[in-house]
Every structure is written in C-alpha cells, then in structure tokens.
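Letter by letter, the chains look like this.
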Amino acid sequence: DNGGNLEFKNSSGTWTALGTGGGTSFSVAVGNGSDTDFTVTHNLGSRDLAVTIRETSSPYGMVVAPIEFTSTTALAVSFPVTPTTNQFTVNVVKV
C-alpha cells in the first residue's frame, strides 16, 4: 500500500511511491497522452510479483501489455498505442 503518495517525473514517465514502503501491493494509474513506455516504481523488493493491468474507467477491462521486471523495486510496461491520461491502472502484488 503506497498510502496514495506518488510522484510523477514527466521527463521519464515514472511514478514513484513516496514513504517507507514495506507493503505487499501497489497500484497506480498510468498514461499521459504522449508516451507508450512507463516505469512503475513499486518498492516491493522482489521480482516475484503478480501484475495486472486494467482500464481505469468503465468497463474496467483487462489489458495485455509486455511487462519487464527491471529490478526488485520497479517494472517496465510497454503499450502498443499511446494511452490517454491515466487510462490504465497497473496493480502489482508481491507473491
């Protein structure tokens, strides 16, 4: 749980959870209308994760996109088309 405290870096399209971390899950809305690749910094300390991506708004459909587990604190998501602002929600759960 990130406590809702996030920081977005426009230059890299990266969301970062602020605070001490230590949770077992993380969710963030992604999309900015210009990029297709996003780094999601989850700070869960593992590559053993279950990741789902869904539409942020109705009908909340599941989205399939390539995911790379780039480190134990971050993953990369690449969409085939440019998502609109906060179009998709990435959910990460430590397993």
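Just so you know, these numbers come straight off a predicted model, no measurement behind them. (Residues numbered from 1 in each chain as written. Predicted model: local features only at pLDDT ≥ 70, side-chain atom pairs only at ≥ 80, totals over all residues. Heavy atoms only, no water.)

**Details of the overall build of the chain**
So, point 1. When its secondary structure is counted, the chain shows zero helices and eight strands.
So, point 2. Reading the secondary structure of the chain in the N-to-C direction produces β-β-β-β-β-β-β-β.
So, point 3. Here the chain holds 95 residues, and the buried ones make up 33% of them.
So, point 4. Excluding contacts between residues fewer than 6 apart, the proportion of contacts in the chain whose partners are at least 24 apart in sequence is 65%.
So, point 5. As displayed, the chain offers around 5200 Å² of accessible surface, 50% of which is attributable to carbon and sulfur atoms. (Helix = DSSP H or I, 4+ residues; strand = E, 2+ residues; numbered from the N terminus. Buried < 20%, exposed > 50% of the residue type's maximum accessible area, 1.4 Å probe, protein only. Contact = heavy atoms within 4.5 Å. Areas by Shrake-Rupley, 256 points an atom, 1.4 Å probe, with all protein chains shown as cover.)

**Looking at the sheet that holds strand 3 (residues 25-30)**
So, point 1. Ordered by their spatial adjacency, three strands build an open sheet running 3-8-5, and the pairing between neighbours is antiparallel. Of all strands in the sheet, those with a lone pairing partner are strand 3 and strand 5 (49-55), marking the two edges. The mean angle between the axes of side-by-side strands here comes to 15°, regardless of whether they run parallel or antiparallel.
So, point 2. Sheet analysis places strand 3 next to strand 8 (residues 88-94), joined by six bridges and oriented antiparallel. Bridge pairing in strand 8 places Ser 27 opposite Asn 91. (Pairing = 2+ DSSP bridges. Axes fitted to C-alpha atoms, helices over the stretch in contact; angles between N-to-C directions.)

**As for the side chain of Asn 91**
So, point 1. Of note, Asn 91 is situated in strand 8.
So, point 2. One polar contact links Asn 91 to Ser 27, side chain to side chain, over a distance of 2.6 Å. (Polar contact = N/O pair within 3.5 Å; in protein donor to acceptor, adjacent residues only side chain to side chain.)

**Description of the packing of aromatic side chains**
So, point 1. Applying the stated criterion across every chain yields a total of two aromatic pairs.
So, point 2. A centroid spacing of 4.9 Å and a plane angle of 25° characterise the contact between Phe 79 and Phe 88, whose relative ring orientation is stacked.
So, point 3. Here the aromatic residues Phe 38, Phe 79 and Phe 88 are joined through ring pairs into a cluster of three or more. (Phe/Tyr/Trp six-rings, centres within 6.5 Å; stacked < 30°, edge-to-face > 60°.)

**Brief notes about the confidence of the model for the chain**
The predicted structure's coordinates, where accompanied by low pLDDT, should not be read in detail.
So, point 1. On average, residues of the chain score 87 in pLDDT, and 77% of them are at 70 or above.
So, point 2. Within the chain, strand 2 (residues 14-17) has the poorest average pLDDT of any element, 63, and strand 6 (residues 67-68) the best, 98. (pLDDT = per-residue confidence, 0-100.)

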